[in-house]
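# Architecture at a glance
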Amino acid sequence: MHSAERPQTENSGHNAHVPLWNNPVYRGWGFQAVLILLTLYLAYSAFLNTVANMRAHGIPTDLGFWPTAAGFDITQSPIPYSAVNSYGRAFLVGLLNTLIVGAVGIVLTTLLGFTVGVARLSKNWIVAQFAAIYIEAFRNTPLLLQLLFLYNAVLKSLPGPRQSIILPGGAFLNNRGLILPNPVIHDGAAYIGFALVAGVAAAFVYLRWAAVRKAQTGQDSPVIRVAVGLIVLLPLLVYFAAGMPVSLEFPVLKGFNFAGGYQLYPEFVALTGGLVLYTAAFIAEIVRAGIQAVSKGQSEAAGALGLNRAQTLKLVIIPQAMRVIIPPLTSQYLNLVKNSTLAIFIGYPELAQVFMGTVLNQTGAAVQCVAITMMVYLTISLTTSVLMNIYNSRKALVER
Amino acid sequence: MKKTIATLAALTTLTFAAVTAQAGTLDQVKQRGMLFCGVSQGLPGFSQPDDKGNWTGLDVDGCRAVAAVIFNDPTKVKFVALSSKDRFTSLQSGEIDVLFRNSTWTMQRDTELGLTFVGVNYYDGQGFIVRKKLNVASALELNGASICVQQGTTTELNLADYFRSNKIKYEGVVFATDDETVKAYDSGRCDSYTTDASGLFADRLKFAAPDEHVILPEIISKEPLGPVVRRGDDQWAALVKWTHFAMLNAEELGVSTANVDEKMKSDNPEVKRLLGIEGKFGEDLGVTNDWAYRIVKHVGNYGEVFERNVGEGSPLKIKRGLNALWNKGGLQYAPPIR
C-alpha cells in the first residue's frame, strides 16, 4: 500500500499538469500563511481597537508618565529612592526587589529542597517521616494561605520594638523584623576583598589541578580542606593583618524603632520564607524521583567496582539523577519567581506591587503598566529557562 | 487575585469592545434595568454590606438616589466592591456606571484619567491614628515610626509629602486593601495608620478596644470625596451631579422623607421647582419631572443621609463640620434649581 502510493506523490510534485493550488505542499504552506496573516491581523486590530478605545475615553496611551516624579515612597529599596524620583526609578526599585526575592529564594529553596528530598529517602525512619510530613503539608495547601499565615500569625505575633527579643551577637527580633549589626567599612577593607577574590581563584586552580592529577594518577587530593582554607582563612588573615578595618555597628533602640544596624523587614522574610518552604516541597519530590529513577543495578555495579557509598553517590547516582531532575527543577524556579507577585497581599514592594499597584493607579495607564509587567516576567522566565537549558545540555547523557 | 481578575477583565473590555459611543450611559442603564455602582470593599458609614448583603452608607445612598431618579426604585442598584487600586480602571472600562467610593477629587484624576468628578458628597482631610500608650500628641512626633497606608490613594502621596516637607523619616508599609492595612496596624506591625479622617473614625470601630486608639489633631490634606463618572457623557454627568445637588437643596428647603408628600402642596416656588410641580427640569435631565421627589421620598435629603450614616444617628458620631450647609457654616452648597 505504502509503496504503491509513493511514486504517485513524487509525481505530483513535478507534474506540470497539476495546478499549483492542488499541490499538497504548496497548499499546506498557503493555509499556514493565511492562518498567520489572520492571527497577525487579529492582534493588530485588537491593538488598534484598544488604542482607539483608550483615546475615546481620554486615557493616556503612551509612556509619558515614565520620567515624571512618582510622589510616593518605597520603604524597602535596594537603591536610593524617594518620592521625588521618577516612576521609572520606582519601576527599577520594584524590579530589583523582585530579582532579590527570586535570587535569594532560588538559592535557599534549592538547598532546602535537595536536603529534604534526600532525607525523604533516608534509611532513618524518623528523618524520612519528617520529610514526608513536611512535603505533604506544604505541597497540599495553597501558597497564598501559607504566606498570609507566615506573615500574620507568625511574624506579627512577635513583640513590639520596645520588648524585642534579644538574640546573641547584638541582633534583635521584633514585629518590625530582624535587626542585625551592620558592618561598617574603614580604610584598608579593600584588601580583604582582594584576598577573598584571590582565595576563590586559587581554590579554583587547585580544584582543576586535583582533577587532572586524579585523572592521571588516580590519587585523591584533600580538595575540601584546601578550598575552605583558601577561601575562609586567607581573607581572615588579611583582616587581622590590616588591623581589623571592618567593625560592626550595633542597633540601638531609639524612639519608635532601632537606629543603626541592618533591618530585614517582616514582609521580605515572610515572602521569601513562604516561597522557599512551598517550592522546596516540590523540589524535594523532584529530587526523590530523580534519585529513584537511577536503576538499582547502577549502585550495585558501582559497589562491585569497589566504590564506597560517597563515591557511588557522587560519581554514579547524582550525575544520572540530575538528568531527570533539571527540567522539572527549571519549572519550579520559574514558579517561584512568578509566585513572588503574591507579595501584593503582604505588602512587600516587588514589581507587581509597586508597578501594577501604585504606579498603575496614580497614572491611570493600566494597559501600559500591565503590558510592561508581563514583558518583565516573560524576560525573567525566559532567561532563567535558557540558563537552565544550557546547564541541562551539559548534564545530558552523552551518547556515543 | 480577585483584584487582578478585575483589572484583567477591565483591560479585556478595553481591548475587544467596540469603540463605545460617547453618550448613552443613561440609556444603557435604563435598558439594563439596573444601575452598576462602584463602592468600597467595606468602610463603615460610607459603604458597607451587612451580614445579609444589604449595603448601607453615605456613598451607598448616593447610588440609591441615582437609581431612585431613574427607576423610582432605590433597590435597583448592583454594588460592585472595588479596591482603591482598581476603582478607576473599572470605571474607565465601563464595568460600572458611576463610582461612589470615597474618592478624592484631584486635578490629575479629573484631567488625565478620562474621568469626571461631578461633586463633593463629603469634605474630608487626612489624619493619623496611634495607640494611646505611645504617648504621641502630634503627627510631628512620628519620626522613625512605621506607618501603614493603602496603595494607590492620595493618602499614600500626602504621607510622602508631609514627612518630606517636615524633614522627618518614616517607614511606610503599603497594602492593597483597606482591610489588610487596618489589620497590619491592629497587629502592631505599624505604629500609626493614615487615611481620611472619616475613615479613621470608621476603622476605629473595628478594633477590639476603640478607646485605646487616638486620632491625632493634624489634618494634613484636603480630601474632597465625591462621585465620579466617565468623561464624555455630559447627560449622565449632569444626572449624577444634580442628584447630589437635589439632596442639598432639599435639606436647605427643609424637605425631608417625612414631609415630602405634604410639601407637594407647598406654595414656595423653590420647593415647587425642586419637586417638579413647576418646570420640566426632570425631562431636561432625561428622566421624569418628579426626579427630586423620588430622591427625597426613597433616600432622603443630604442632612438625613449624613446623620443616618456618619452623624449622630450612627456609631461614627462625626460632626457636620465642613459638611454643614453653606448657610450653617459649612461648605456644602448647591446651585439653585431654576
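Residues numbered from 1 in each chain as written. Chains lettered and ligands numbered in written order. Predicted model: local features only at pLDDT ≥ 70, side-chain atom pairs only at ≥ 80, totals over all residues.

## Remarks on the overall build of chain A
Applied cut-off: Segments assigned H or I by DSSP are reported as helices when at least four residues long, segments assigned E as strands when at least two residues long, and all are numbered from the N terminus. Buried means a residue has 20 or more other C-beta atoms within 10 Å of its own C-beta, exposed means 12 or fewer, and partly exposed covers the counts in between; C-beta atoms are placed from the backbone.
Of regular secondary structure, chain A possesses 12 helices and eight strands. Along the longest, intermediate and shortest principal axes, the C-alpha atoms of chain A span 90 × 75 × 45 Å. A total of 400 residues make up chain A; the buried ones form 30% of that total.

## Side note on the interface of chain A and chain B
This is how it is decided: Each residue gets a C-beta atom placed from its backbone, and two residues are in contact if those atoms lie within 7 Å. Each residue is assigned to one of three groups, with Ala, Val, Leu, Ile, Met, Phe, Trp, Tyr, Cys and Pro labelled nonpolar, Asp, Glu, Lys and Arg labelled charged, and all others, Gly among them, labelled polar.
Listed per partner, the contact involves 37 residues of chain A and 40 residues of chain B. At the level of elements, α2 (24-56), α11 (351-363) and α12 (366-395) of chain A are the ones that each hand at least two residues to the side of chain A that touches chain B. In terms of residue count, the dominant contributor to the side of chain A that touches chain B is α2 of chain A (seven residues). When grouped by side-chain class, the residues that make up the side of chain A that touches chain B number 16 nonpolar, 18 polar and three charged.

## Quick word on the domain arrangement of chain B
Residue and element names in this part refer to chain B. Just so we agree on the cut-off: A domain assignment, automatic or from a database, supplies the domain bounds used here.
As far as domains go, chain B holds domain 1 (2-123 + 224-328) and domain 2 (126-221). Relative to domain 2, the C-alpha centre of domain 1 lies at a distance of 29 Å. Every contact between the two is made by 19 residues of domain 1 and, on the other side, 15 residues of domain 2.

## Focus: the sheet that holds strand β2 (residues 171-174) of chain A
The pairing of strands in a sheet happens through backbone hydrogen bonds and is either parallel or antiparallel. All names here are of chain A. Note the following rule: Paired strands, in this sense, are two strands between which DSSP finds at least two bridges. Only the contacting stretch of a helix is used when fitting its axis, a line to C-alpha atoms as for every element, and angles between N-to-C directions run 0 to 180 degrees.
With antiparallel pairing, four strands are arranged side by side in an open sheet as β1-β2-β3-β8. Looking at the sheet topology across the chains shown, the edges are occupied by β1 (165-167) and β8 (262-264). Strand after strand, the sheet turns through a mean of 20 degrees between neighbouring axes, direction not considered.

## Concerning the pairing of strand β13 (residues 223-230) of chain B
In summary, the side chains of a regular strand alternate between the two faces of the sheet. All names here are of chain B. By the criterion of burial, β13 is predominantly enclosed, with seven of the eight residues buried. Across three bridges, the pairing between strand β5 (residues 98-104) and β13 is antiparallel. Directly across from Leu99, in β13, lies its bridge partner Val228. Both strand β6 (residues 115-117) and β13 contribute to a ladder of three bridges, which runs antiparallel. Residue pairing for β13: Phe117 is matched across the bridge by Val228.

## Thoughts on the packing of helix α5 (residues 143-154) of chain A against helix α8 (residues 266-293) of chain A
Residue and element names in this part refer to chain A. What counts, and what does not: Roughly parallel covers angles under 35 degrees, roughly antiparallel covers those over 145, roughly perpendicular covers 65 to 115, and oblique covers all other angles. Should the near helix be turned counterclockwise from the far one by less than a right angle, the crossing is left-handed, whereas a clockwise turn marks it as right-handed.
Remark: α5 packs on α8, axes separated minimally by 9 Å, with the N-to-C direction vectors making an angle of 140 degrees. Compared by their axis directions, α5 and α8 come out oblique. Between α5 and α8 the crossing geometry is right-handed. Contact residues: α5 offers Leu143, Gln146, Leu147, Leu150 and Tyr151, while α8 offers Pro266, Ala270, Leu271, Gly273, Gly274, Leu277 and Tyr278.

## Overview of helix α8 (residues 197-204) of chain B
Residues and elements named next belong to chain B. Most of α8 is tucked away: eight of the eight residues are buried. Regarding α8, the residues found buried are Ala197, Ser198, Gly199, Leu200, Phe201, Ala202, Asp203 and Arg204. At its buried positions, α8 is contacted by β7 (122-124), β8 (126-131), α7 (178-186), β11 (192-196) and β12 (213-215).

## A word on the pairing of β5 of chain B
Residues and elements named next belong to chain B. Most of β5 sits inside the fold, with seven of its seven residues counted as buried. Along β5, one buried face is formed by Val98, Phe100, Asn102 and Thr104 and the opposite face, lined by Leu99, Arg101 and Ser103, is buried too. Alignment of strand β1 (residues 35-39) against β5, held across two bridges, turns out to be parallel. Bridge assignment links Gly38 to a residue of β5, and that residue is Leu99.

## So, the sheet that holds strand β9 (residues 145-150) of chain B
All names here are of chain B. Here we have five strands laid out as an open sheet, ordered β10-β9-β11-β8-β12, and mixed in their pairing. In this open sheet, the two strands that pair with only one neighbour each are β10 (170-175) and β12. Neighbouring strand axes in the sheet, compared pairwise and without regard to direction, differ in orientation by 30 degrees on average. Note: β8 against β12, three bridges, orientation antiparallel.

## Observations concerning the nonpolar core
Condition: Any nonpolar core is a set of buried residues, restricted to Ala, Val, Leu, Ile, Met, Phe, Trp, Tyr and Cys, that join up through C-beta atoms within 7 Å.
Counting residues in each nonpolar core, the largest one holds 158 residues, and the members touching the most others are Cys37, Cys63 and Ile295 of chain B. With 14 residues, the top contributor of residues to this core is α8 of chain A. Setting aside its immediate chain neighbours within four residues, Cys63 of chain B contacts Leu35, Cys37, Val39, Val77, Phe79 and Phe100 of chain B.

## Brief notes about the packing of α8 of chain A against helix α10 (residues 309-339) of chain A
What describes two packed helices is the angle between their axes and the distance between those same axes. All names here are of chain A. In the contact formed by α8 and α10, the axes pass within 8 Å of each other and the chain directions differ by 160 degrees. Taken together, the axes of α8 and α10 lie roughly antiparallel to each other. Pair α8 / α10 crosses with right-handed handedness. Side by side, α8 and α10 meet where Leu275, Thr279, Phe282, Ile283, Ile286, Val287, Ala289, Gly290, Ile291 and Ala293 of the first sit next to Ile317, Ala321, Met322, Val324, Ile325, Pro328, Leu329, Gln332, Asn335, Leu336 and Asn339 of the second. Along the lines of polarity and charge, the residues of the contact of α8 with α10 split into 16 nonpolar, five polar and no charged.

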